[in-house]
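# Tertiary structure, described
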Amino acid sequence: MRLLKQLVPVAVVAFAGGMIVGAVQGSPFLTLLLGVATAVLAVLVYARMVRWSERRAPVEVVAKGAVAATVRGMLIGVGMFAAVIMNIAFLGGYRIDGMGSVPGAVAMVGFMAAAAVTEELLFRGILFRIVEERTGTWIALALTGLLFGLSHLFNPHADLWGAIAIAIEAGGMLAASYAATRTLWVPIGVHFGWNFAAAGIFGTEVSGNGASQGLLHGVTSGPALLTGGEFGPEASPYAVVFGLLLTVGFMWLARRRGNVVPLRSGATATLAQ
């Protein structure tokens, strides 16, 4: 019941906020404003539900150090996508055809903020964290990563390979970043940085949702095996490889810090903060 008490309210905020942000996408300022408002409201609702259902302080979304942790995550996310797109471009699969749209990039900030925050609260803050207590870190990482990938099958132009790629490079990697740091601000930053770099900077497709207006007018071409096709660079083998490398790095850090919860056979485990 604890899972439902947290999941349902945050999911309602995510759904309602997504609908509202989608309805005002023609206005960059409103998209930015309402997207950020959705993100803030989702965090507040999550924190309130954790306090109510678990009788504890929601330390994973504590305000102290949030900006620094989010920025670190953003740098990792942007750097990861830049590495992917540079490798695709090196083989002729991506080129820049001039400048894009500054208002479009501004709108992407709000849109991606809402998406990154709500998805991280749902998948890492609630699902991964609670499943991890019951099963251990590795099983929770695999199960929630798979679920995260499958959830992207509902996107336009999505296919099974794209969902599998998302499960590996994002679902697993983002859970690993939470396991390593025990704060949701780092995976939120990584998630936002990756998505904003893809859509708001390089102007590529994001998770099968079509090309976006970013700071650059980017064009992908060539075999889908290289570029990810209509799903976007997230379905490129380069994204999977870099995501796996980050997952290994984060899990190494989690193990070094003693943050890996061992395999559980049944009873709920309490992870020392």
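Structure: see above.
Residues numbered from 1 in each chain as written. Predicted model: local features only at pLDDT ≥ 70, side-chain atom pairs only at ≥ 80, totals over all residues. Heavy atoms only, no water.

## As for the packing of helix 3 (residues 66–90) against helix 9 (residues 237–256)
Axis angle and axis distance: for two packed helices, these are the angle between their axes and the distance between the axes, and together they describe the pair. Between helix 3 and helix 9, the least distance of the axes is 9 Å, while the angle of their chain directions is 145 degrees. As for how helix 3 packs across helix 9, the hand of that crossing is right-handed. Mapping the contact onto sequence places Ile76, Met80, Ala83, Val84, Asn87 and Ile88 in helix 3 and Tyr238, Ala239, Phe242, Gly243, Leu246 and Phe250 in helix 9. Of the residues that constitute the contact of helix 3 with helix 9, the class distribution is 10 nonpolar, 2 polar and no charged. (Axes fitted to C-alpha atoms, helices over the stretch in contact; angles between N-to-C directions. Helix = DSSP H or I, 4+ residues; strand = E, 2+ residues; numbered from the N terminus. Left-handed = near helix turned anticlockwise from the far one by under 90°. Contact = heavy atoms within 4.5 Å. Nonpolar A, V, L, I, M, F, W, Y, C, P; charged D, E, K, R; others polar.)

## Considering a nonpolar patch on the surface
On the surface, Leu146, Leu150, Leu153, Leu160, Trp161, Ile164, Ile168 and Leu244 cluster together to form a nonpolar patch covering roughly 680 Å² of accessible area. The set of elements that each furnish at least two residues to the nonpolar patch consists of helix 5 (137–151) and helix 6 (160–181). As for its placement among the helices and strands, isoleucine 168 is situated in helix 6. A residue is classified by how much of its surface remains accessible, and isoleucine 168, at 31% relative accessible area, is partly exposed. (Patch = residues over 30% accessible without salt bridge, like charges linked within 9 Å, V, L, I, M, F, W, Y side chains within 5 Å. Areas by Shrake-Rupley, 256 points an atom, 1.4 Å probe, with all protein chains shown as cover. Salt bridge = Lys/Arg side-chain N within 4 Å of Asp/Glu carboxyl O. Buried < 20%, exposed > 50% of the residue type's maximum accessible area, 1.4 Å probe, protein only.)

## Here's the deal with the nonpolar core
Core analysis: the largest hydrophobic core is formed by 66 residues, its most contacted members being Tyr46, Val61, Leu121 and Phe202. Every element with two or more residues in this core is listed here: helix 1 (2–23), helix 2 (28–54), helix 3, helix 4 (102–135), helix 5, helix 6, helix 7 (185–201) and helix 9. Beyond its immediate stretch of four places on either side in the chain, phenylalanine 202 contacts Phe81, Ala82, Ile85, Tyr94, Ala197, Leu216 and Gly218. (Core = buried A, V, L, I, M, F, W, Y, C linked by side-chain atoms within 4.5 Å.)

## Some remarks on the packing of aromatic side chains
Within this structure, the stated rule accounts for 6 aromatic pairs. Each ring, one from tyrosine 94 and one from phenylalanine 202, has its centre 6.3 Å from the other, and the planes form 75 degrees; the classification is edge-to-face. Of this pair, tyrosine 94 sits in strand 1 (residues 94–99) while phenylalanine 202 sits in the loop between helix 7 and strand 2 (216–220), placing them 108 residues apart in sequence. For the pair tyrosine 94 and phenylalanine 202, one class covers both residues: buried. Both rings, one in phenylalanine 192 and one in phenylalanine 196, keep their centres 5.7 Å apart while their planes meet at 5 degrees; by these two values the pair is stacked. Of this pair, phenylalanine 192 and phenylalanine 196 both sit in helix 7, 4 residues apart, roughly one helical turn. Ring pairing ties together the aromatic residues Phe81, Tyr94, Trp194 and Phe202, which thus form one cluster. In this structure, arginine 124 packs its charged tip against the face of phenylalanine 148, placed 4.4 Å from the ring centre. (Phe/Tyr/Trp six-rings, centres within 6.5 Å; stacked < 30°, edge-to-face > 60°. Lys NZ or Arg CZ within 6 Å of the ring centre and 35° of its normal.)

## Comments concerning helix 3
When the terminal C-alpha atoms of helix 3 are compared, their 36 Å separation across 25 residues agrees well with the 36 Å that a helix rising 1.5 Å per residue should span. Within helix 3 the residues assigned to the buried category are Ala66, Ala69, Thr70, Gly73, Gly77, Met80, Phe81, Ala82, Val84, Ile85 and Ile88. Lining the buried residues of helix 3 we find strand 1, helix 6, helix 7, helix 8 (224–227) and helix 9. At the exit of helix 3 stands glycine 92, carrying a positive phi of roughly 85 degrees. (Expected span 1.5 Å × (residues − 1).)

## Side note on the environment of asparagine 87
Of note, asparagine 87 is situated in helix 3. The residues touching asparagine 87, leaving out its near neighbours within four places in the chain, are Tyr238 and Phe242.

## Details of the pattern of salt bridges
A side chain with one charge can pair with a side chain of the opposite charge if their charged atoms come near. Counting across every chain of the model gives 10 salt bridges. For the salt bridge of aspartate 97 with arginine 95, the shortest nitrogen-to-oxygen distance reads 3.1 Å. Given the relative accessible area of 42%, arginine 95 is considered partly exposed.

## Remarks on the packing of helix 4 against helix 5
The N-to-C vectors of helix 4 and helix 5 enclose an angle of 145 degrees; their axes lie 8 Å apart at closest approach. As helix 4 runs across helix 5, the sense of the crossing is right-handed. Contacts from Glu119, Phe123, Arg124, Leu127, Phe128, Val131, Glu132 and Thr135 of helix 4 reach helix 5 at Thr137, Ile139, Ala140, Leu141, Leu143, Thr144, Leu147, Phe148 and Ser151. When grouped by side-chain class, the residues that make up the contact of helix 4 with helix 5 number 10 nonpolar, 4 polar and 3 charged.

Nothing here speaks to function; it is geometry throughout.
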